[in-house]
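A closer look at the structure
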Amino acid sequence: MPSIRVEMFEGRSVDQKRALAKELTEATVRALGVPADSVDVMMFDIPRHDWATAGTLWSERKPTAPRST
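Report on the accompanying structure. (Residues numbered from 1 in each chain as written. Predicted model: local features only at pLDDT ≥ 70, side-chain atom pairs only at ≥ 80, totals over all residues. Heavy atoms only, no water.)

It is worth spelling out the overall build of the chain at this point. Each helix and strand counted, the chain has one helix and four strands in total. Reading the chain from its N terminus to its C terminus gives the helix and strand order β-α-β-β-β. Taken along its principal axes, the extent of the C-alpha atoms in the chain is 45 × 25 × 20 Å. Looking at the chain residue by residue over its 69 residues, the buried ones come to 16%. In the chain, the share of contacts with a sequence separation of at least 24, taken over all contacts with a separation of at least 6, comes to 61%. Taken together, the 10 basic and 10 acidic charged side chains of the chain have centroids lying 7 Å from each other. (Helix = DSSP H or I, 4+ residues; strand = E, 2+ residues; numbered from the N terminus. Buried < 20%, exposed > 50% of the residue type's maximum accessible area, 1.4 Å probe, protein only. Contact = heavy atoms within 4.5 Å. Lys, Arg positive; Asp, Glu negative; His and termini not counted. Charge placed at Lys NZ, Arg CZ, Asp CG, Glu CD.)

In structure tokens, the structure reads:
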């Protein structure tokens, strides 16, 4: 049973999480040849003040332009 753990900043909508879970499940089914009902996706919302990169909390970083999709 593949388990996928996703850690991301809090603030995503339920619709976004639903779409991510669907896409990750479908990709895992294609790549590993397992049934969809064996794929678990766990999502963890992390506040920006609980995540640091290069010693700086994300809550203290200057905002950057959003990435285009």
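Here we take up helix H1 (residues 14–32). In this model, H1 (19 residues) spans 26 Å end to end at C-alpha, consistent with the 27 Å of a helix rising 1.5 Å per residue. Considered for burial, the residues of H1 that qualify are Lys17, Thr25 and Thr28. Looking down the long axis of H1, one finds its buried residues gathered within 70° of arc, a one-sided arrangement. Within H1, the exposed residues directed more than 90 degrees away from the buried face are Asp15, Lys22, Arg30 and Ala31. On its buried face, H1 is in contact with strand E1 (3–9) and strand E2 (40–46). Looking one or two residues beyond H1, the residue adopting positive phi is glycine 33, at roughly 70°. (Expected span 1.5 Å × (residues − 1). Arc of directions from axis to C-beta.)

Attention now moves to the packing of aromatic side chains. With the rule as written, the count across this model stands at two aromatic pairs. Arranged with centres 4.9 Å apart and planes meeting at 55°, the rings of phenylalanine 9 and tryptophan 51 form a pair that is tilted. One end of the pair, phenylalanine 9, is in strand E1; the other, tryptophan 51, is in the loop between E2 and strand E3 (52–53), and 42 residues separate them in sequence. Among the aromatic residues, those joined into a cluster by ring pairs are Phe9, Trp51 and Trp58. Over the ring of phenylalanine 9 we find arginine 48; its NZ or CZ atom is 4.1 Å from the centre of that ring. (Phe/Tyr/Trp six-rings, centres within 6.5 Å; stacked < 30°, edge-to-face > 60°. Lys NZ or Arg CZ within 6 Å of the ring centre and 35° of its normal.)

These figures capture arrangement, not role.
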